[in-house]
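Structure at a glance
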Amino acid sequence: MATRRDLLKAGMAAALGSAALSRQASAASEGATPAGKPLIIDSHVHVFERNPAYPFGSATTFPTFVPPTVDATPETLLALMKANDVARTVLIQHICYKWDNSYLADVLKRYPAHFKGVCRVNPEDPAAPDHLSMWVQEKGFNGVRISPFEDARFDWIRGPLMPPLWQRCQALKVPMTVLTDHSRLQDVMRLVEKFPDLTVVIDHMADIRPDHPEQLAALLAFARYPKVFVKISHMWSISDQPYPYRDSQDQVKRLLDAFGARRLMWGTDHPVSLPNLPYEKSVALFRDQLSFLSEADRQQILGKTVQEVWPFGLTG
Ligand SMILES: [Zn+2]
């Protein structure tokens, strides 16, 4: 099974497909929700492009990371959104830019109605809280993402620089987004307990695979903290089965039972997801499959939960 790092690399290669699509891209989609259709807001997409004005970081916390050789532009994305009735998208700073969120800041400035953005700051820099304040207050970001993984290089998640960063997040009233796996859930939980009023979003079900119920139990334990939300994205990467990933669906159902639809949100993770799922199929997975969802739960997961965390101000 591919590791997350493999998937990141593969996502770069597969973004070729979206580069081709960008040639057909029309102007930005202007509408919100088509009449009679559910409001759909994607909680997780990346944009990047090879442009000397926005150099890629030379080294990242992902040692096998290679810089993108293709582009994933906001214009490509807007065309895909329009074609699939996705009204809005939350853009997540891509690791290729490391801690420099300038490219995404400029995208947000260019398309303020369509996107909200989550920045990254260096969790080992004591100035990270001030950097976060700058990105939020001056550049329009709505939140930050940290990525603690298992090995010792990520021990900062237990260190003295985390509480000030989480504190700042709370003061700025923006969500803390966490990309992690089961190995760091206990560390994350200690911070959640310290900051019960802070909205925390755990990405991609912590990439827990459906054949690891003991790991899932560690994620389900977060249900007792009312401000913790979970993205049910990465159904494709955690599954051992073909589309529509029945094993992952069972896991989503467990999360639904524990968290309720009000704290679950969908997301494509486009273009990282491209080797497995074209954008339209990624949308269809959450919109048309998941037959255990009531219509109200489906609408909640497709659009309403995202707006509780990132309020775009849309009704539907
Ligand atoms: Zn992603």
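Please read all numbers here as calculations on a predicted model, not as lab measurements.

1. Structural notes on helix 10 (residues 279–288)
- Taken as a whole, helix 10 has its buried residues at Y279, S282, V283, L285 and F286. Projection of helix 10 onto a plane perpendicular to its axis shows the buried side chains occupying an angular sector of 150 degrees, all on one side.
- In this structure, the buried side of helix 10 is in contact with helix 2 (74–83), helix 8 (235–238) and helix 11 (295–309).
- At the exit of helix 10 stands L290, carrying a positive phi of roughly 45 degrees.

2. With respect to unusual backbone geometry
- Look at the link from Y243 to P244: it is a cis peptide, with omega at 5 degrees.
- Mapped onto the elements of the fold, P244 is located in the loop between helix 8 and helix 9 (246–259).
- The step from H270 to P271 runs through a cis peptide bond, and the omega angle for that step is 0 degrees.
- Relative to the helices and strands, P271 is located in the loop between strand 8 (264–265) and helix 10.
- At H204, a residue that is not glycine, the phi angle is positive and equals roughly 55 degrees.
- On the secondary structure map, H204 appears in the loop between strand 6 (200–202) and helix 7 (213–220).
- Residue H204 is classed as buried on the basis of its C-beta count, with 22 C-beta atoms lying within 10 Å.
- Look at Y245: it is not a glycine, yet its phi comes out positive at around 60 degrees.

3. Some words on the pairing of strand 2 (residues 88–92)
- In terms of burial, strand 2 is a largely internal element, five of the five residues being buried.
- Burial along strand 2 is two-sided: R88, V90 and I92 facing one way and T89 and L91 facing the other are all buried.
- Relative to strand 2, strand 1 (residues 41–45) runs parallel, the two sharing three bridges. What sits directly across from V45, in strand 2, is L91.
- With four bridges joining them, strand 2 and strand 3 (residues 115–120) adopt parallel strand pairing. Each residue of the ladder has a partner; that of L91, found in strand 3, is G117.
- Following the backbone out of strand 2, through helix 3 (residues 102–110) and into the adjacent parallel strand 3, one traces a crossover that is right-handed.

4. Examining the sheet that holds strand 6
- Strand order in this open sheet of eight strands is 1-2-3-4-5-6-7-8, and the pairing throughout is parallel. Each edge of the sheet is formed by a strand with only one pairing partner; in this case those strands are strand 1 and strand 8.

5. Here we look at the packing of helix 4 (residues 128–137) against helix 5 (residues 162–172)
- For the pair helix 4 and helix 5, the least separation of the axes is 8 Å and the interaxial angle reads 25 degrees. It follows from the interaxial angle that helix 4 and helix 5 lie roughly parallel. Between helix 4 and helix 5 lies a crossing of right-handed hand. Across the interface between the two elements, A128, P129, L132, S133 and V136 from helix 4 touch P164, L165, R168, C169 and L172 from helix 5.
- Here the contact of helix 4 with helix 5 is composed, by residue class, of eight nonpolar, one polar and one charged.

6. Concerning helix 9
- The end-to-end C-alpha distance of helix 9, which contains 14 residues, comes to 20 Å, matching closely the 20 Å that a straight helix rising 1.5 Å per residue would cover.
- Taken as a whole, helix 9 has its buried residues at S248, Q249, Q251, V252, L255, L256 and F259. Summarising the axial view, the buried residues of helix 9 lie within an arc of 160 degrees, below the 170-degree limit, and thus occupy one face. Looking at helix 9, the residues exposed on the side facing more than 90 degrees away from the buried face are D250 and D257.
- Buried residues along helix 9 sit in contact with helix 7, strand 7 (228–231), helix 8, strand 8 and helix 11.

Cut-offs applied
Residues numbered from 1 in each chain as written. Predicted model: local features only at pLDDT ≥ 70, side-chain atom pairs only at ≥ 80, totals over all residues. Buried ≥ 20, exposed ≤ 12 C-beta atoms within 10 Å, placed from the backbone. Helix = DSSP H or I, 4+ residues; strand = E, 2+ residues; numbered from the N terminus. Arc of directions from axis to C-beta. Contact = placed C-beta atoms within 7 Å. Pairing = 2+ DSSP bridges. Right-handed = clockwise from strand over helix to strand, strands pointing away. Axes fitted to C-alpha atoms, helices over the stretch in contact; angles between N-to-C directions. Parallel < 35°, antiparallel > 145°, perpendicular 65-115°, else oblique. Left-handed = near helix turned anticlockwise from the far one by under 90°. Nonpolar A, V, L, I, M, F, W, Y, C, P; charged D, E, K, R; others polar. Expected span 1.5 Å × (residues − 1).

Shape is all these values report; function is a separate question.
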